[in-house]
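Descriptive analysis of the structure
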Amino acid sequence: MYVIKNATVYTMSKRGVVKQDIRLNNGKIEEIGDNLKAKAGEKVINAKGKVVTPGFVDAHSHLGGFEVNGSGEDLNEITNPLTPELDAYYGVDPTSKDFDGALAQGITTSCIIPGSANIVGGLGMVMKSAGKDRVVKRAAVLKGAMGINPKGCYAPMNKAPMTRMAIANMHRDYLRRVKEYMEKKEAAAGDKEKMPPYDLGLEHGIPVLKKEIAYKIHSYMHDTMTVLELAKEFDILITLDHALGASDYLEELTDKHVKGVIYGPTAECLFPGEGGKLDYEACVELDKRGVPVACMTDGPVTPMNMLLYEIGECVRRGMNPVKALAMVTSNAAKIVDVFDRVGSIEVGKDADILIWSDMPAVATDAVLETVLIDGEIVFTHKK
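Criteria and cut-off values
Residues numbered from 1 in each chain as written. Predicted model: local features only at pLDDT ≥ 70, side-chain atom pairs only at ≥ 80, totals over all residues. Heavy atoms only, no water. Pairing = 2+ DSSP bridges. Helix = DSSP H or I, 4+ residues; strand = E, 2+ residues; numbered from the N terminus. Axes fitted to C-alpha atoms, helices over the stretch in contact; angles between N-to-C directions. Contact = heavy atoms within 4.5 Å. Buried < 20%, exposed > 50% of the residue type's maximum accessible area, 1.4 Å probe, protein only. Polar contact = N/O pair within 3.5 Å; in protein donor to acceptor, adjacent residues only side chain to side chain. 1 Å grid on protein atoms, 1.4 Å probe; cavity = no way out; pocket = protein on both sides within 12 Å on 5 of 7 lines; lining within 4 Å. Points joined across faces, edges and corners; volume = space filled by probe spheres on them. Nonpolar A, V, L, I, M, F, W, Y, C, P; charged D, E, K, R; others polar.

1. Notes on the sheet that holds strand 9 (residues 107-112)
Spatial strand order, 8-9-10-11-12-13-14-15: eight strands in an open sheet with mixed pairing. Edge positions in the sheet fall to strand 8 (56-61) and strand 15 (293-295), since each has one partner strand and no second. On average, each strand axis in the sheet is tilted by 25° relative to the strand beside it, whichever way the strands run. Summarising the sheet, strand 12 (residues 214-219) and strand 13 (residues 238-242) pair through five bridges and their orientation is parallel. What sits directly across from His218, in strand 13, is Asp241. Along the sheet face, helix 3 (residues 164-188) touches strand 10 (120-128), strand 11 (135-145) and strand 12 and points at about 130° away from the line of strand 11.

In C-alpha cells:
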C-alpha cells in the first residue's frame, strides 16, 4: 500500500498529463487526486521531480519460451506447419531470468506467443513479468505467420510451404475449415449426434472468426496485402506484427479489419528481402490516420530496451512524445485486449507503475528508478 506523491503523471487516459498523487491499495489504483494523505499502513513514495507512467506493455514477445543461452526453445514446434491446437501457456517458464531483464526496462506485461516457424502456431497469452497472479488473459490471440520463417523452416525438409503461394493457400484452407466446423456445430444446436468430431485446432480458430480475438500475423511488406485479403475474405480482425515496409501501404492499413500494427524489432542489420526497409515514419503516418500502432521487443532474441529505442525513433521522426508513449502503454494494451486492466493510470486498474527520472520518450538519459506490479515494488534501480 503506497501513496505516490508530487510526480508528473502521464496517465495515458482522458485525464491526460497531471501533477497529482496516486494511492495504490490491494493491487489496484484506488485514488488519483491532489494532496492525498497517507492512511494507516500506507507508505509514501516521494516522486517530486519524477515522471510516472503506466507499466510498459510489450505487444509481441516470446519471453520464457526462447532461452537465449540455447537451453530450450519451447514456443516453436517445428514439426508441422499447422499447429493451431497448441497454446503458449504450456511453453512459458515463469522463472526465466528474461523476465528480470524485462522488469529492468519497465516491461510489466507482455503478449507472449508461439514463434513464427509455423503458418498457424497456436494461442498466445498476456502475462505479467512478476507478481502472484501473472496471467492477465489466456487465449488472447491466435498466432499466424507469413513469409521467410515458415518457408525457411519447411523448404529444407522438402515439404510445404516452400513458397508464398502455399502459405496463403494454407492460411485460407485453415480458416475455411474453421468456418465449416463452426457452422456444423451451430447447426447441431447441441445435439451430440449431429456434432462434428471435436478438433482442438479448429476450436482455437472459432474466436478468430467470431472477432473475439485477433489473428496475430508475423508479416512484412511482401505479405501485407495477402494478410489484408484474408482478413476481408473471412471478415476477421488481424494485427500485422513486425510490419517493416508498412509505409508502402498507409491507406490500405486503415481498413476496419486491422486491429493494430505492431512495429519492430529494429535491433538488427538491414538485409535483402523482408528485412530491407526500416521505416519508423510508418508508425507516425499510421497514427495520423487513426490506425492503432504499437511496437515490440520480440524478446528475448533482441535487446530488452528495444521499446525505448523504438518510441524514441518515432519521436525523432515527428511523433508527439505522448503518442509515442502510447505505443508501449495504452495502444499496446488495447491491441492485445487488456486495456481493462493495464496500459493507463486510472482508478480501478492494476497498480502497474513506472517511476522515471525524466520523460522516457524524450530524454535519452531518463533512468527507470522504480517498478511496481500490482502495487508492489518489484524493481529498484541500483545507483
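2. Observations concerning the side chain of His171
As for its position among the elements, His171 is in helix 3. Using a relative accessible area of 0% as the deciding quantity, one classes His171 as buried. Among the polar contacts listed, one links the side chain of His171 to the side chain of Tyr215, at a separation of 2.8 Å. Those residues within four positions of His171 in sequence are excluded, and the remaining contacts are Ile119, Val120, Gly144, Ala145, Met146, Tyr215 and Leu230.

3. Details of the layout of surface pockets
A volume near 370 Å³ is recorded for the largest pocket. If you trace the largest pocket, you find 18 residues lining it, with Leu308, Tyr309, Pro360, Ala363 and Thr364 closest to the centre. The greatest single-element share of the lining of the largest pocket, amounting to six residues, is contributed by helix 7 (residues 306-316). Partitioning the lining of the largest pocket into residue classes produces 12 nonpolar, four polar and two charged.

Nothing here speaks to function; it is geometry throughout.
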